[in-house]
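Here is how the chains run, residue by residue.
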Amino acid sequence: MKIKIALLNGDGIGPEVTAQAVKCLQAVEETFGHEFILTEAKVGAAAIEATGDPLPKATLALCKESDAVLFGSIGDPKYDNDPDANVRPEQGLLRLRKELGLFCNIRPIKVFPTLMEKSPLKKKIIAGTDFVIFRELTGGIYFGEKSLSEDGTTATDSCTYTEKEVSQIAHLAFKAAKGRRKKVTLVDKANVLESSRLWRRVVKKIAESYPEVTLDFMFIDNAAMQLLIKPTQFDVILTENMFGDILSDEGSAIGGSIGLLPSASIGENYALFEPVHGSYPQATGKDIANPIASILSVAMLLDHFKLDEESRAVVIAVLKSIKKGIVSPDLSTSSKYGTNHIGDFISGNIRDSDDYLILNKENIWLGKSTII
Ligand code: IPM
Ligand code: MG
């Protein structure tokens, strides 16, 4: 298969982690006989430095003519510490999501059996955790009207949702649930917010077309607590943009490190794959960043193009690196392995191994395979 991929490294540790993901893509390309055409473009602070624009026209054009986008991370402390900055790196990613119509952000959260002791939560609470967050990505408070009064003392961010925005992601969440444990939990704040009440009405109606899927509702404050008390109760969490942003960072702690979590952002015509983590400026250039989230984002990209065996090969190689302790310091403080070495190990394993031919993905993730 021939796939055109726009490579947007972004800021901070972005270039280092995507470099490892690219090694894995190249290993898949060679092992399975595909052609992945990668073209780089700037985004975020790196693009502001070069062009003054966090999403230059050429970058957007490249994304639009590609089959998929592989994204690193975005953000720079220079802008975080300057609330008056008008141009900000994050605007690049937000505009990209909007321009490409990536309304559905999918963030799977599973615990790796061999990493359970890394979690701040007790093993008996997290064992068996396996849920996926469907986060609406192009609406809500992120994209609502914003204003600041002339005297600078009053600020507004409004949260707007349309029935269409809710229904398009809700359908995808129900479809995903059908192939999983058949449960959707809509997380909202319907006891306070009008927009949440719209979500409830629309999602309730859509649920009627998926009779095999159970729908339940949970307020965001309770969901934030339930995630820590009983994460195994969740299968598919469906939620709006900002609640999904917050819950996915919280959820990442369950597995021990946000450095493990990949994501896919899907629209009608485009798809983007990126780690859930940010640009982690303190680690930039130190060869200590965890490349696994970016490499697993490649696995999601391959899944998206129905390259199941290829995706499985990537996941298995990641599991091997974890099993052998070839991991970054966020997973083992005494680790002597750097980002680059981990990328070499994982891509090397994709080339050498044929384990993916004999194992099904379900078993791998559940830790029932011989590898874990
Ligand atoms: C994420 C990030 C982004 C978001 C930032 C970088 C704009 O936190 O993808 O979760 O808030 O969506
Ligand atoms: Mg976030």
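Note that the structure is predicted; figures quoted are calculated from it, not measured.

1. Let's talk about the side chain of Thr 18
Moving on, step 1. Relative to the assigned elements, Thr 18 resides in helix α1 (residues 14-32).
Moving on, step 2. A relative accessible area of 0% means that Thr 18 is categorised as buried.
Moving on, step 3. Apart from the residues within four sequence positions on either side, Thr 18 is in contact with Leu 7, Asn 9, Phe 71, Gly 72 and Ser 294.

2. A look at the side chain of Thr 339
Moving on, step 1. Considering the arrangement of structural elements, one finds Thr 339 in helix α13 (residues 339-352).
Moving on, step 2. Among the residues examined, Thr 339 registers a relative accessible area of 1% and is labelled buried.
Moving on, step 3. Contact partners of Thr 339, with chain neighbours within four places excluded, come to Glu 16, Gln 20, Asp 287, Ile 288, Ala 289 and Pro 291.

3. Regarding the environment of Ala 177
Moving on, step 1. Along the chain, the position of Ala 177 falls in helix α7 (residues 163-178).
Moving on, step 2. Residue classification places Ala 177 among the buried residues on the basis of a relative accessible area of 0%.
Moving on, step 3. Along the chain, Ala 177 and Ser 279 lie 102 residues apart, while their C-alpha atoms are 31 Å from each other.
Moving on, step 4. When neighbours within four sequence positions are excluded, Ala 177 is seen to be in contact with Lys 182, Lys 183, Val 184, Val 213, Asp 235 and Val 236.

4. Thoughts on the packing of α1 against α13
Moving on, step 1. Their axes nearest at 9 Å, the elements α1 and α13 cross at an angle of 15 degrees. Viewed along their axes, α1 and α13 adopt a mutual orientation that is roughly parallel. Seen from above, α1 lies across α13 with right-handed handedness. Along its contact with α1, which presents Glu 16, Gln 20, Lys 23, Cys 24, Gln 26, Ala 27, Val 28, Glu 30 and Thr 31, the element α13 presents Thr 339, Asn 340, Gly 343, Asp 344, Ile 346, Ser 347, Ile 350 and Arg 351.
Moving on, step 2. The residue inventory of the contact of α1 with α13, partitioned by class, reads five nonpolar, seven polar and five charged.

5. Details of the pattern of salt bridges
Moving on, step 1. This model, assessed by the stated rule, comprises 18 salt bridges.
Moving on, step 2. Asp 157 serves as the salt-bridge partner of Lys 146, at 3.3 Å between the closest nitrogen and oxygen. One end of the pair, Lys 146, is in strand β6 (residues 146-148); the other, Asp 157, is in strand β7 (residues 155-157), and eleven residues separate them in sequence.
Moving on, step 3. Residue Lys 146 is classed as exposed on the basis of its relative accessible area of 52%.
Moving on, step 4. A residue is classified by how much of its surface remains accessible, and Asp 157, at 43% relative accessible area, is partly exposed.
Moving on, step 5. Across the salt bridge formed by Lys 189 and Asp 221, the nearest N and O atoms sit 3.1 Å from each other.

6. Let's talk about the site of ligand 1
Moving on, step 1. Near ligand 1, the surroundings consist of Ile 74, Glu 90, Arg 97, Arg 107, Arg 135, Tyr 142 and Asp 245.
Moving on, step 2. Note that an oxygen atom of ligand 1 is positioned 2.7 Å from one of the side-chain N or O atoms of Arg 97.
Moving on, step 3. Within the side chain of Asp 245, one N or O atom sits 2.8 Å away from an oxygen atom of ligand 1.
Moving on, step 4. For ligand 1, whose free accessible area comes to 320 Å², the fraction covered by protein is 79%.
Moving on, step 5. For the shell around ligand 1, the class distribution of residues is two nonpolar, no polar and five charged.

Definitions and cut-offs
Residues numbered from 1 in each chain as written. Chains lettered and ligands numbered in written order. Predicted model: local features only at pLDDT ≥ 70, side-chain atom pairs only at ≥ 80, totals over all residues. Heavy atoms only, no water. Helix = DSSP H or I, 4+ residues; strand = E, 2+ residues; numbered from the N terminus. Buried < 20%, exposed > 50% of the residue type's maximum accessible area, 1.4 Å probe, protein only. Contact = heavy atoms within 4.5 Å. Axes fitted to C-alpha atoms, helices over the stretch in contact; angles between N-to-C directions. Parallel < 35°, antiparallel > 145°, perpendicular 65-115°, else oblique. Left-handed = near helix turned anticlockwise from the far one by under 90°. Nonpolar A, V, L, I, M, F, W, Y, C, P; charged D, E, K, R; others polar. Salt bridge = Lys/Arg side-chain N within 4 Å of Asp/Glu carboxyl O. Near = heavy atom within 4 Å. Polar contact = N/O pair within 3.5 Å; in protein donor to acceptor, adjacent residues only side chain to side chain. Areas by Shrake-Rupley, 256 points an atom, 1.4 Å probe, with all protein chains shown as cover.

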